[in-house]
Amino acid sequence: MKSKLYALLSVFVLASIVLAACGSPAATATQAPAPTEPPAATQAPTGAPTEAPTAAPTQCAPAVPNWDPTTADVGSKTMTVAFEQEPDVAVGNFSNMSFSAWINQMFGVGTGKWDDKNNLVPYAAAEIPSVDNGDVSADGLTVTWKLKPCIFWSDGTPITSKDIAFTWKVYQDTGNNPISRSDWKHVTGVDTPDDQTAVLHFDSIYPAWPVMLDLGPNNGSGGILPEHIFTGKTGLEKDPQVHTPTWAGGPFAIKEWVAGDHMTLVANPNYFGDKPKLDAIQIKFVADPEAGLAALQAGDVDMMVNLAESDIEAVKGMESNGVQLRVDPAAEFEHLFFNLGTAAGVDGKGKSDQDGFCPFQDANVRKAIALGIDRLSFIKNYLKEDEKAFIATLWPNSSWNNTSITPLPYDADQANQLLDTAGYPKGADGIRAGDCKMPDGTSKKVKFSLGIETTTAQRRVDDVLAIQADLKKIGIDIKPNHIPAGTFFGSYTEGADLETGKFDMAIFTTGYYPDPDATGSWDCADVPSKDNPTGANDYHLCDPKLDDMWKQGLATADPAARKKVYDQIQQYMYDNVLMVPLYARANVYAFRDSLVFPPSSGYSNAFWDAEMFDVNK
């Protein structure tokens, strides 16, 4: 599962920064007059910002100076969570993985975070900026974050506005390779007039600014970085304090990480929020969801995350054994996508290190593949879901979804016809082949014997088996390539296939929320290459028309105007079959009834308020 940091989807729209010259009334920063009514699970916040959790009594000195989590006592009150993917690094700014983002929610800190009702609430900040409170300028080009006083990192160092300014500098330093710079490239400077005030200056209106310093499972920034830990360093993606940080700003801190086995987080005594109810959280790395569920049923773990919809019936069957189920509707999706990269790029932009599979440059070939996969049968027969999970766009369960678009049906006859017309007839072995015109004008013989790359999770094995059987009927030979998640979701500097373009097709889950902008995933400037290793466009697509539409979506904070743009984007993606949406995903959790699992949502995920977890044993 991929944390799609840079590109986010939601009904949270910032009408507060509409230019005063436009004559629109300013709304508060958390007001979201959605253009269409979202489902209850994704209802946008309205009115004044939601209050933050009650903070600990104000103090101007840390409770435990120089505290070190690596020497801390684990204590006796703990919970154990099963993760079937082991993160590559813990700090979310440098990871593509949702599992990293969830750990980051436990130990990291941001100005705000998303709560169980999909509201952005203050975290380290005293309040959410808005025009009404004076912290968003009338022209939308300045956003001021005011931090709570007397808050500390786990080692007792104060958390101040200088840490926010330093975080910006990390993204400006080309020696660092964060997952994406698509948010922070809009910031021209950060002023720190005092320790509690950080003033962000933008080069243009940027309605997605709340996601830059939030602490959520799908953000592109991962929260605030501590200046005193990283100052003077570069190449942070390789720093031990990024892989296994001994610092924390959240309720827990990492005591140890034993690769392939477990991670232990202990309660942070210098946390400025409510005192954690648990002494520690143990994360057990398991081989697959099935192993996690077996451990849950045996009572060896208290909770299993990231289950598939196909696991719901199995979890329900464990109810008599003290296991409960929670399903949070979400704005995420599983999708199949193509390597659309070219070494030549488009007008010199968006160059990949290598060309993708040449026939994928033809929209009719891509459409044939979409038509050749019986997605609805898979949803009904394997996932045991209804047609609501059968989606046409990448903005499901959201008011941003273009509901006028219907999914392409299963039509093997039309798929075969499209491939024949495209010049790729079936050979004696039943596999299609032919001559393809390369982007540089040369011709190349190709055979439709293709790899599909994804993780080792059983649901992905089942995804690929179904796709393999369907595409065989239209003359396409599929060779599955299942890779451990930590490698599959790796960075360019780690040589990961997605980032370096060494794949034909791939599958993962992601989502574009809380803001609908997906620029960093789809624009020319973010195609990863040796010259652009921080690019996060795994599709390797460079399409100037789409680039222009992304820019239009960020050119205004008016939700109605933005909705029109994102409707056009979805129609363009659909017409050109830039990917194949497989099905909408929900957040599925299983947990022991002895666990006090606090409320969660599709935006917050499970660990937004990790301090509130408790056990009754």
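Our structure is the block above this text.
Residues numbered from 1 in each chain as written. Predicted model: local features only at pLDDT ≥ 70, side-chain atom pairs only at ≥ 80, totals over all residues. Heavy atoms only, no water.

Q: Can you walk me through the overall build of the chain in this structure?
A: Scanning the chain from N- to C-terminus turns up 15 helices and 20 strands. When each of the 617 residues of the chain is scored for burial, the buried share is 61%. Expressed as a percentage of contacts within the chain between residues at least 6 apart in sequence, the contacts between residues at least 24 apart total 70%. As displayed, the chain has an accessible area near 21,100 Å², and 50% of this comes from carbon and sulfur atoms. (Helix = DSSP H or I, 4+ residues; strand = E, 2+ residues; numbered from the N terminus. Buried < 20%, exposed > 50% of the residue type's maximum accessible area, 1.4 Å probe, protein only. Contact = heavy atoms within 4.5 Å. Areas by Shrake-Rupley, 256 points an atom, 1.4 Å probe, with all protein chains shown as cover.)

Q: Explain the sheet that holds strand β3 (residues 120–122) to me, please; I cannot follow it from the model alone.
A: To summarise the sheet geometry, strands pair through backbone hydrogen bonds and adopt either a parallel or an antiparallel arrangement. Pairing is mixed in the open sheet, where three strands are placed in the order β3-β2-β7. Looking at the sheet topology across the chains shown, the edges are occupied by β3 and β7 (214–215). (Pairing = 2+ DSSP bridges.)

Q: Is there a simple way to explain the packing of helix α7 (residues 363–371) against helix α9 (residues 412–421) in this structure?
A: Packed helix pairs are specified by the crossing angle of their axes together with the interaxial distance, meaning the distance between the axes. Put simply, α7 and α9 touch, their axes get as near as 8 Å, and they point 160° apart. Of the possible angle classes, the one that applies to α7 and α9 is roughly antiparallel. Crossing geometry of α7 relative to α9 is assigned as left-handed. Along the contact surface, α7 presents N364, V365, K367, A368 and L371, while α9 presents A412, Q414, A415, L418 and L419. (Axes fitted to C-alpha atoms, helices over the stretch in contact; angles between N-to-C directions. Parallel < 35°, antiparallel > 145°, perpendicular 65-115°, else oblique. Left-handed = near helix turned anticlockwise from the far one by under 90°.)

Q: I'm lost on the side chain of S180 in this one. Help?
A: Structurally, the position occupied by S180 is in the loop between α2 (161–172) and β5 (187–194). One polar contact links the side chain of S180 to the main-chain amide nitrogen of S182, over a distance of 3.0 Å. (Polar contact = N/O pair within 3.5 Å; in protein donor to acceptor, adjacent residues only side chain to side chain.)

Q: Can you walk me through the nonpolar core in this structure?
A: Across soluble globular proteins, nonpolar side chains have a tendency to be buried as a group. One finds F83, M303, W522 and F607 to be the most contacted residues of the largest nonpolar core, which totals 157 residues. With seven residues, the top contributor of residues to this core is strand β18 (residues 579–592). Leaving out residues up to four positions away in the same chain, F607 has contacts with V81, F83, W102, Q105, M106, M303, V305 and F613. Listed in part, the 15 residues of the second largest apolar core include A295, L296, M304 and V315. (Core = buried A, V, L, I, M, F, W, Y, C linked by side-chain atoms within 4.5 Å.)

Q: Just checking my understanding: could you explain helix α1 (residues 98–107) for this structure?
A: Given 3.6 residues to a turn, an α-helix orients residues that are three or four positions apart in the same direction. Of all ten residues in α1, ten are buried; the element is thus mostly enclosed. Of the positions making up α1, those classed as buried are S98, F99, S100, A101, W102, I103, N104, Q105, M106 and F107. Packed against the buried residues of α1 are β1 (78–83), β7, β8 (252–258), β9 (262–267), β10 (280–285) and β11 (303–307).

Q: Got a minute to help me understand the environment of D362 in this structure?
A: Along the chain, the position of D362 falls in the loop between β12 (323–338) and α7. C-alpha of D362 to C-alpha of A422: the two residues are 60 residues apart in sequence and 8.1 Å apart in space.

Q: Got a minute to help me understand the pattern of salt bridges in this structure?
A: Opposite charge on two side chains permits pairing when their charged atoms draw close. Overall, the coordinates contain 20 salt bridges when judged by the stated rule. Close ionic contact of D614 with K77 constitutes a salt bridge, the shortest N to O distance being 2.8 Å. One end of the pair, D614, is in strand β20 (residues 614–615); the other, K77, is in the segment before β1, with 537 residues separating them in the sequence. With a relative accessible area of 13%, D614 lands in the buried category. The salt bridge involving R562 is made with D515; its shortest N-O contact spans 3.0 Å. Of this pair, R562 sits in helix α15 (residues 559–575) while D515 sits in the loop between β17 (505–511) and α13 (519–522); the two residues are 47 residues apart in sequence, bridging distant segments of the chain. Taking relative accessible area as the criterion, R562 reaches 0% and is therefore assigned buried. Here the residues in one salt-bridge network are E309, E334, R460 and R585, joined through shared partners. (Salt bridge = Lys/Arg side-chain N within 4 Å of Asp/Glu carboxyl O.)

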